[in-house]
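# Per-entry structural report
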Amino acid sequence: MNDSKAASTDIKRSRVVIKGIVQGVGFRPFLYRSAQTYKLSGFVKNTSQGVILEVEGNGKDITDFISHIRLHPPPLALIESCESGEIPLEFPETFEILSSEENGESDRRQLLISPDIAICDNCIAELFQPENRRFRYPFINCTDCGPRFSIIQGLPYDRPKTSMKDFAMCGPCEKEYRDPYDRRYHAQPISCYRCGPTLSVYDSKNVEQEMDAASPLEMAAQKIKEGSIAAVKGLGGYHLACLASLEETVVRLRRLKGREMKPFALMGTLEMIMANAHVSEKEKALLLSPAAPVVLLKRKETTAIAPAVAPGLAELGFMLPYTPLHLLLLEKIREPLVMTSANITGEPIIYKDDMISLAGLSDFILSHDREIHMFEDDSVVTVFEDHIYMVRRSKGYVPLPMRMPFHFPGTILALGPMLKTTFTFLYNDKAMMGQYIGDTDSPAAVEAERKAIAHFIDLFSLEPSLVVMDKHPGYPNRQLAGEFKHAKVMEIQHHKAHVGALLAETGELGRIIGISMDGTGYGDDGNIWGGEFFVGDYRGLTRFGHLKYLFLPSGDMAAKEPWRFALSVLYSLYGPSSEVVKRFTAPFKQKGEFLLEAIEKKAGGILTSSCGRLFDAAASLLGLGHFNSYEGELPMRLQALAEKSRVPDECYGFSIETGENMRRLNFLPALHDIIGDKRDPEEKAYMFHRTLAKGFAAMAASAGNESGIRTVGLTGGVFQNTLLLKLTRDLLAAEGFSVLIHSEAPPNDGGVSLGQAFLAAGQVMAGGYDKEI
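A quick note: this is a predicted structure, and the numbers were derived from the prediction, not measured.

Take the overall build of the protein chain next. For the protein chain, the count of helices and strands is 23 helices and 28 strands. The globule rule puts the C-alpha radius of gyration for 773 residues at 28 Å, and the 28 Å found for the protein chain is close to it. Viewed in the frame of its principal axes, the protein chain has a C-alpha envelope of about 100 × 65 × 50 Å. When each of the 773 residues of the protein chain is scored for burial, the buried share is 61%. Within the protein chain, contacts between residues at least 6 apart in sequence are counted, and of these 72% link residues at least 24 apart. In the structure as shown, the protein chain presents an accessible area of about 29,000 Å², 50% of it carried by carbon and sulfur atoms. With 84 positive and 97 negative side-chain charges, the protein chain shows a spacing of 2 Å between the two charge centroids.

Once that is clear, we can look at the packing of helix α15 (residues 563-574) against helix α20 (residues 668-676). In contact at an axis separation of 10 Å, α15 and α20 are set at 95° when each is read in the N-to-C sense. Comparing their axes, α20 and α15 come out roughly perpendicular. Between α15 and α20, the residues in contact are Val569, Leu570, Ser572, Leu573 and Tyr574 and Leu668, Leu671, His672 and Ile675, respectively. Split into classes, the residues belonging to the contact of α15 with α20 amount to 7 nonpolar, 2 polar and no charged.

All right, on to the pairing of strand β15 (residues 387-392) then. By the criterion of burial, β15 is predominantly enclosed, with 5 of the 6 residues buried. Relative to β15, strand β14 (residues 380-384) is paired through 5 bridges, and the arrangement is antiparallel. Bridged to Val383 within β15 is Ile388. The turn linking β14 back onto β15 is made up of 2 residues, and Glu385 within it adopts a positive phi angle of 55°.

A separate point is the pattern of salt bridges. Side-chain pairing between opposite charges can occur once the charged atoms of the two side chains come close. Following the criterion strictly, the structure yields 42 salt bridges and no others. Glu218 is the salt-bridge partner of Lys332, the closest N and O atoms lying 2.8 Å from each other. Here Lys332, found in helix α10 (residues 324-333), pairs with Glu218, found in helix α6 (residues 215-225); they are 114 residues apart in sequence, far enough to count as distant. Classification of Lys332 as partly exposed rests on a relative accessible area of 21%. In this structure, Asp616 and Arg613 form a salt bridge, with 2.7 Å as the shortest nitrogen-oxygen distance. Of this pair, Asp616 and Arg613 both sit in helix α18 (residues 611-621), 3 residues apart, which is roughly one turn of the helix. Members of the salt-bridge network, linked through shared partners, are Arg13, Arg15, Glu54, Glu56 and Glu90.

Parameters at a glance
- Residues numbered from 1 in each chain as written.
- Predicted model: local features only at pLDDT ≥ 70, side-chain atom pairs only at ≥ 80, totals over all residues.
- Heavy atoms only, no water.
- Helix = DSSP H or I, 4+ residues; strand = E, 2+ residues; numbered from the N terminus.
- Rg over C-alpha atoms; globule rule 2.2 N^0.38 Å.
- Buried < 20%, exposed > 50% of the residue type's maximum accessible area, 1.4 Å probe, protein only.
- Contact = heavy atoms within 4.5 Å.
- Areas by Shrake-Rupley, 256 points an atom, 1.4 Å probe, with all protein chains shown as cover.
- Lys, Arg positive; Asp, Glu negative; His and termini not counted.
- Charge placed at Lys NZ, Arg CZ, Asp CG, Glu CD.
- Axes fitted to C-alpha atoms, helices over the stretch in contact; angles between N-to-C directions.
- Parallel < 35°, antiparallel > 145°, perpendicular 65-115°, else oblique.
- Nonpolar A, V, L, I, M, F, W, Y, C, P; charged D, E, K, R; others polar.
- Pairing = 2+ DSSP bridges.
- Salt bridge = Lys/Arg side-chain N within 4 Å of Asp/Glu carboxyl O.

In structure tokens:
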């Protein structure tokens, strides 16, 4: 230390602890450069507690330095706390970046990890600069972009604890890695042609093709242009890719994947996307965001996209190329690609190099030798009223936490439902949702959830004290609760969990009226719920109403064959001998006669209040189809039809029946009106939507007048229908209600685990659970 500095009376030393997303995002080099700017000495290091630095210099410079950190962090950093305190002087000469250290298991609970991030503009520029040493290098990345969550094996986040540990850096890469002024300083996935991962191609017989290093990409692009289907290794798993314009190829992909009608995701440049879909400024911002999700967009009247990509739907799901490999493929192919998860329908995404399974789904495989440590599907979003409206929360968002409006002393693990499964850890003041697993109705899917949970437990040193599961006794992932021998177990009813997810996301602690509309879930009374009205808060929800119970014949089969529930509706309206019932039953011949007999006897089925099944019945009665090849197919077509028409201020009939402290919303009159209505199908579809919204608003008004509650929450998979969401929200707002809707958590079953965890925490804190957590 020089004499002038030692003699100064204003020299101070401060210890600063910064928590949040501060590892793997260029935070230490940012601090190094900032310390130089403010002429401070000291050090910075990564720890399991966060980033710790000690700075010494002029007191005002230290204050300005800390203010600069808070106000101008690196673009991918998220500072959750920045605490500083004065400590004794040590008189260092320089500012250094020290090696990372681990401080113990409990500190890891405070750490956050960056999600995988789409390729940044700087790397895109370098990718296409012929003079750059990474020109057209398919794994280019820096501290501002590239793989994070999918390659991390342990904390703190350093190369030896990632999938890059087996790739020794060459001299030029190591020089960049160790230069605090370089954009790749401590970028853990850093590599180049000399030292990094390499591409390879396998044919349909699982034989690796011999070629030079530049050829795999050329071969893959050429095969795709010729109509082949490729399995392409991405960030969180393999995709199946083909030209989106080739109807025959898309149909063949459907056969290989076992996916009859469900829409495929698409990938294209911004120009390609805007040529085929309408893109608002908010939608454009989401496409270009670091998360790079699939964004659902209104398709244009004329597109180059094959009809088989999204049959019967008004929307196309597009994403931008978010890895250099994707960019290079599109640059060569020059038209949009189908880019769908490589999996057999109902199974998790393939992320290991399972060449045999991949060969059965594709014509060839474009792979590489960088391990994907943790799988993740693409996220899916839409825009509602200029705000993000999450459909599937996964890549780009996981494992970012949501802040809770309270502090919970234990650790809750919520396992989620059976469809669109996610899990959630809730501890301290955060809820950390896991990535999208899919439908956990197979052993492979349950194993995928088990593996992902174990990864979170290991990364963040979590030990669940309470495990929460859905109340349905038949959900296969309930078995995971028994594997935590020292944890208590709690059940949370499915539709209450939907409301809980909305409360958690919005931070609402007051009493609300919760409207939860979805397909099906096991109810507290043993019936199948799906159209529910609650009052309460995070400490407990009380059901005050539901859609009128109707007989659901054939159980789960009715969800796949909506004509079954439509026939039950007709029976409830007109009885077995009416001409309407006879005409509807006739095309199904003996199967229809047997079903009608079962409905009369109330055999082989169960009572349900499901709003999803009501949509199924309406679509079937309107002639849109009688079968769902995927969940929500006919309701999505019904929405698309309704959006072609507007019939202001008109709706069909409904009634609210009361008794035994329970209100029952009866939409049978509306279905009767639809059958006799001579209007165009578009108008009838729109009026059906508006009738439901009117009924929901009437139920809320009734409860609000009685309770004084003026806040309503809209949740459940049915409210993924943004037309119904808008109609309901507007009617409630006109009645003077404040309306809560989802944004960062899905309204569908993908958000249930968050709600399970939130309501369980509330129940524990309210003293409603009799054992210590």
